[in-house]
Amino acid sequence: MCYKNWANDTMNRILNKLESTALQIGASFPHATKDGIYTFEGSQFWTNGFWPGILWMAYQNTKDEKFANIAKEIENKMDEVLDSFELLDHDMGFMWMLSAGANYMINGNKESRLRLLKASSHLAGRFNPKGQFIRAWEWEKGQMIIDCAMNLPLLYWATDELDDPRFAHIAHSHLETVLKYSIRPDSSVNHILEFDPQSGEFLHAVAGQGAAADSAWSRGTSWAVYGLALAYRHFKEEEILIKLKNVSNFFIANLAEDNVAHWDFRVERNSNTPRDTSATACAACGLLELSEYLPKAEADMYRKKAYLMLKSLTDNYSNLENNNMQSLLNGATGAYTYNENINVGLIYADYFYMEGISRLCGNKDIFWYGHI
Ligand code: GLY
């Protein structure tokens with residue numbers, strides 16, 4: 001099945017909307033909307049790559065330098081974080097693959113390449129060899145989180161760019177830990193894992209942004225879907241593909257009737273339960289990536305599901321012609337358990353939504369790939 005005509009129409013609607021959003025928010029660090037208007041973060045925030053990623057996709061489509069110039073300005077502003085060392089955590093893939101990575105991929109910019117080299121070295125330096133995991137944050141020495149599966153493309157990039165397998169070795173060791181401990185036997189996903197940082201012994205799962213340690217946070221599930229799909233792209237290993245399909249099937253089976261996820265798959269779900277359009281959009285991109293590696297009949301099934309998810313986001317959760325709302329999507333949930341950003345626009349929901357539409361338009365130059 002080809003969804004190209006629909007995707008092209010939707011992309012034109014997105015690009016129209018971005019004309020006004022880009023004018024309104026410029027070279028800033030948007031995160032979540034309040035009453036439809038973006039609020040902003042400091043230069044160290046983990047979501048800061050998504051707006052430049054959106055702008056570079058707009059540039060891919062239009063060749064309008066206005067979008068590229070704003071994205072470059074944001075990339076420059078993030079240098080103070082990259083050079084600070086102490087403000088960095090594991091989220092360097094989110095931050096630099098979609099900013100410097102996109103700029104290097106599109107323009108071969110040498111400064112962007114250096115930023116990627118610094119970021120990938122920092123990320124590799126967070127590896128705990130005893131526990132075989134990449135440490136998540138500064139305040140906890142023994143924790144890894146499923147979100148990091150989406151930061152590993154930085155390490156695949158470094159291995160390819162430098163022809164140096166060390167970076168991919170580290171990513172692979174971390175992935176083995178993901179497959180062993182993050183993905184549960186029923187193919188739901190733990191958000192946070194705790195290890196003894198000294199001995200490396202696995203201790204237990206910790207509740208994070210899901211409802212409980214044993215719940216099924218939908219965005220964490222989507223990080224696993226897309227993260228494993230990108231890992232399979234690099235390593236082409238059967239075990240990754242099997243777990244990727246299992247987690248994808250878990251995600252699909254738990255979607256609401258309108259093909260959009262609730263914020264956690266293990267809370268009571270009724271008409272008041274918040275959705276998470278960011279998880280839905282990210283998982284759709286993962287399903288489209290997965291479909292690249294399967295025989296036609298199976299690939300068509302995952303592609304169709306991704307299309308239905310993106311179509312529902314467009315028909316039921318988008319603001320494309322609503323000038324009072326700056327984000328592309330509404331209905332995203334940042335951190336329900338902390339009572340933060342519930343049922344709002346989130347910049348990463350917008351990024352993955354646009355990437356999903358871009359994939360359906362036939363774009364093969366996906367920034368997570370790092371290379372054309
Ligand atoms: N911790 C990143 C997220 O909210 O998914």
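Residues numbered from 1 in each chain as written. Predicted model: local features only at pLDDT ≥ 70, side-chain atom pairs only at ≥ 80, totals over all residues. Heavy atoms only, no water.

A few words on the sheet that holds strand 6 (residues 192-195). Pairing in this open sheet of 3 strands is antiparallel, and the strands run 5-6-7 from one edge to the other. Lying at the two open borders of the sheet, with one neighbouring strand each, are strand 5 (143-145) and strand 7 (202-206). Neighbour-to-neighbour, the strand axes of this sheet turn through a mean angle of 25 degrees, independent of strand direction. (Pairing = 2+ DSSP bridges. Helix = DSSP H or I, 4+ residues; strand = E, 2+ residues; numbered from the N terminus. Axes fitted to C-alpha atoms, helices over the stretch in contact; angles between N-to-C directions.)

Relative orientation of the contacting elements helix 1 (residues 4-25) and helix 14 (residues 347-360) amounts to 140 degrees, with a least axis distance of 8 Å. Considering their axes alone, helix 1 and helix 14 lie oblique with respect to each other. Judged by the sense of rotation from one axis to the other, the crossing of helix 1 with helix 14 is left-handed. Listed contacts from helix 14 to Lys 4, Trp 6, Ala 7, Thr 10, Met 11, Ile 14, Leu 15 and Leu 18 of helix 1 are Tyr 353, Met 354, Ile 357, Ser 358 and Leu 360. The class makeup of the residues in the contact of helix 1 with helix 14 is 10 nonpolar, 2 polar and 1 charged. (Parallel < 35°, antiparallel > 145°, perpendicular 65-115°, else oblique. Left-handed = near helix turned anticlockwise from the far one by under 90°. Contact = heavy atoms within 4.5 Å. Nonpolar A, V, L, I, M, F, W, Y, C, P; charged D, E, K, R; others polar.)

This paragraph deals with helix 12 (residues 277-291). Taking 1.5 Å per residue, 15 residues should reach 21 Å; helix 12 reaches 21 Å between its end C-alpha atoms and fits that length. A large share of helix 12 lies buried, amounting to 15 of its 15 residues. (Expected span 1.5 Å × (residues − 1). Buried < 20%, exposed > 50% of the residue type's maximum accessible area, 1.4 Å probe, protein only.)

It is worth spelling out the nonpolar core at this point. Membership of the largest hydrophobic core comes to 131 residues, with the highest contact counts inside it found for Trp 96, Phe 352 and Trp 368. If you tally residues by element for this core, the top one is helix 10 (residues 218-235), at 10 residues. Once residues within four sequence positions are removed from consideration, Trp 96 is found in contact with Met 78, Val 81, Leu 82, Leu 88, Gly 101, Arg 115, Leu 116 and Ala 119. (Core = buried A, V, L, I, M, F, W, Y, C linked by side-chain atoms within 4.5 Å.)

So, on to the side chain of Asn 259. Assignment of secondary structure puts Asn 259 in the loop between helix 11 (238-253) and helix 12. At 2.6 Å, the side chain of Asn 259 forms a polar contact with the side chain of Lys 305. (Polar contact = N/O pair within 3.5 Å; in protein donor to acceptor, adjacent residues only side chain to side chain.)

Among the structural elements, Glu 80 can be located in helix 4 (residues 79-82). Judged by relative accessible area, Glu 80 falls into the exposed class, the value being 54%. Looking at Glu 80, its side chain comes within polar contact range of the side chain of Ser 43, at 2.4 Å.

Lining the immediate surroundings of the ligand are Trp 46, Asp 147, Gln 209, Trp 217, Arg 219, Trp 223 and Tyr 348. One of the side-chain nitrogen or oxygen atoms of Gln 209 is found 2.7 Å away from an oxygen atom of the ligand. With the chains in place, 90% of the 200 Å² that the ligand exposes on its own is no longer accessible. Each residue belonging to the shell around the ligand can be placed in one class, and the counts come to 4 nonpolar, 1 polar and 2 charged. (Near = heavy atom within 4 Å. Areas by Shrake-Rupley, 256 points an atom, 1.4 Å probe, with all protein chains shown as cover.)

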